[in-house]
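Below are the chains, spelled out letter by letter.
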Amino acid sequence: MSIFRFTLLSFFLTYGVSYAHIDVPNFHPKSTPVVQSVTVDQSGSGNFTTVQAAINWVPAKNNQWVQIHVKPGSYKEKVTIPQDKQFIFLEGEGQGATSIEWNDYGHSENSSTFTLYADNFLASHITFKNTHDLGISGPHKFDVAPAIMIWGDKAAFYDCGFMSLQDTLGDWKGRHFFQSCYIEGSVDFIWGRRCVSADGQGCKITSTAANLGPGRVIGFVTAQGRDEPHTSAFVFKGGSVDGQGLTYLGRAYKEYSTVIFSQTYFGSDIVPLGWDAWHDRGHE
Ligand SMILES: *[C@@H]1O[C@H](CO)[C@@H](O)[C@H](O)[C@H]1NC(C)=O
Ligand SMILES: *[C@@H]1O[C@H](CO)[C@@H](O)[C@H](O)[C@H]1NC(C)=O
């Protein structure tokens, strides 16, 4: 039995009864008390034409919920929410209608389309995309190209989309919640190291490993990087993992990597073995 599986099993034994109550933010689009609202509209009939301009407008040390409503369109921009701009509720008009897209790759620190440093964040009905190599099939270099990097505590996402080829959703630090989201990629496309917990409920996870091209058609959904006992985990409840191209549920990024899928549908391209030990081969 691999260390990875052992960790998984012991996690179940210790926390099995309570894992459903993992401490994640309970912000909800319908019950968040918004005090002010602005609109972003590319066509010029809102308060701002870019998402970043609306974020820049939010005052530093903001401590009441501000809604930024984004009208349909593909917003071609890189967006950063700095640490001192908390309590932002970013709302689109549907995963297929409103998206933020950019095309950069190379470093997790600065190539993400959307970067969240602030605590207390809520998003709904919007898609975050890194278009680098997205949708192109054939042999690829393996490039870090995140659609989102989350460095803040307490972030919740409802009906959001996350799309890239590699390292799509960087869940690095804090407690995060995802409900009814669509997450697409081929390699390590849900990954992170220090997050306390990430909880996905009813999410549709789609592997595009087949796009990697001949000879490289193995994908990995998760790369969870817990490096000490009892600090973080990715937990997925319900939903599905499907797609094209042989795909592992995850590979162990660090010694205590912990990922749980519960009541989740697995498509036929998901490798039955489930996990890969990666650098910890031999410690199984
Ligand atoms: C946003 O636009 C609306 C409608 O024009 C206006 O009433 C409101 O004052 C604007 N808000 C800001 C913060 O500019
Ligand atoms: C991005 O981050 C990397 C690693 O920290 C650095 O080497 C590179 O110069 C940065 N690129 C830009 C454009 O800031």
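Residues numbered from 1 in each chain as written. Chains lettered and ligands numbered in written order. Predicted model: local features only at pLDDT ≥ 70, side-chain atom pairs only at ≥ 80, totals over all residues. Heavy atoms only, no water.

The protein has the name Pectinesterase in an unreviewed UniProt entry, where Punica granatum is given as its organism. Under the UniProt heading Subcellular location (unreviewed entry), the note attached to the protein is "Secreted, Cell wall". Per UniProt, the comment on the protein under Catalytic activity (unreviewed entry) is "[(1->4)-alpha-D-galacturonosyl methyl ester](n) + n H2O = [(1->4)-alpha-D-galacturonosyl](n) + n methanol + n H(+)". (UniProt positions renumbered as here; feature names shortened; annotations may be inferred.)

*Asks:* I keep staring at the overall build of the protein and nothing clicks. Help me out?
*Replies:* Helices and strands together make up the secondary structure of the protein, namely two helices and 25 strands. Looking at the protein as a whole, 56% of its 284 residues are labelled buried. Of the contacts formed within the protein by residues at least 6 apart in sequence, a portion of 68% connects residues at least 24 apart. On the protein, roughly 12,100 Å² of surface is accessible, and the fraction owed to carbon and sulfur atoms is 51%. (Helix = DSSP H or I, 4+ residues; strand = E, 2+ residues; numbered from the N terminus. Buried < 20%, exposed > 50% of the residue type's maximum accessible area, 1.4 Å probe, protein only. Contact = heavy atoms within 4.5 Å. Areas by Shrake-Rupley, 256 points an atom, 1.4 Å probe, with all protein chains shown as cover.)

*Asks:* Would you explain the environment of G92 in this entry?
*Replies:* As for its position among the elements, G92 is in the loop between β5 (88–91) and β6 (98–102). Once the C-alpha coordinates of G92 and H125 are considered, the two residues, 33 residues apart in sequence, prove to be 4.8 Å apart. Residue contacts for G92: discarding those within four places in its chain leaves H69, V70, T98, S124, H125 and I126.

*Asks:* What is the right way to read the sheet that holds strand β3 (residues 73–76) from this model?
*Replies:* Either a parallel or an antiparallel arrangement is found when strands of a sheet pair, and the pairing is made through backbone hydrogen bonds. Taken in spatial order, the eight strands line up as β3-β6-β9-β12-β15-β18-β21-β24 in an open sheet, and their pairing is parallel. Single-partner strands in this sheet number two, and they are β3 and β24 (265–266). Pairing geometry for strand β15 (residues 182–185) and strand β18 (residues 204–207), over four bridges, is parallel. Bridge pairing links G185 to S207 in β18. (Pairing = 2+ DSSP bridges.)

*Asks:* How do you make sense of the site of ligand 2 when you look at a structure like this?
*Replies:* Neighbouring residues of ligand 2: H107, E109 and N110. When isolated, ligand 2 has an accessible area of 370 Å², and the protein chains bury 32% of it. (Near = heavy atom within 4 Å.)

*Asks:* I tried to follow the nonpolar core on my own but got confused; where do I start?
*Replies:* One recurring pattern in soluble globular proteins: nonpolar side chains tend to sit buried together. Residues I68, L90, F114, F121, F128, F157 and F162 are the most contacted members of the largest nonpolar core, which totals 47 residues. Once you skip the residues sitting within four places of it in the chain, F114 turns out to touch V79, I81, L90, I100, F121, F128, A147, I148 and M149. Counting eight residues, the second largest nonpolar core, distinct from the first, contains W65, F89, Y158 and F177. (Core = buried A, V, L, I, M, F, W, Y, C linked by side-chain atoms within 4.5 Å.)

*Asks:* Even after reading the chapter, I still don't get the packing of aromatic side chains, so can you show me in this structure?
*Replies:* Two measures describe an aromatic ring pair: the distance that separates the ring centres and the angle between the ring planes. Across all of its chains, the model carries 19 aromatic pairs by this definition. Note on F157 and F178: the rings are 5.0 Å apart at their centroids and 5 degrees apart in plane angle, and the pair reads as stacked. You can see F157 sitting in strand β11 (residues 155–158) and its partner F178 sitting in strand β14 (residues 173–179), a full 21 residues away along the chain. By the burial criterion, F157 is buried, and F178 matches it. Measuring from centroid to centroid gives 5.8 Å for Y158 and F177, while their planes differ by 55 degrees, and the two rings are tilted. Of this pair, Y158 sits in strand β11 while F177 sits in strand β14, and the two are 19 residues apart along the sequence. Taken together through their ring pairs, the aromatic side chains of F114, F121, F128, F157, F162 and F178 make up a single cluster. A cation over an aromatic ring shows up here: R251 above the ring of F220, its NZ or CZ 4.3 Å from the ring centre. (Phe/Tyr/Trp six-rings, centres within 6.5 Å; stacked < 30°, edge-to-face > 60°. Lys NZ or Arg CZ within 6 Å of the ring centre and 35° of its normal.)

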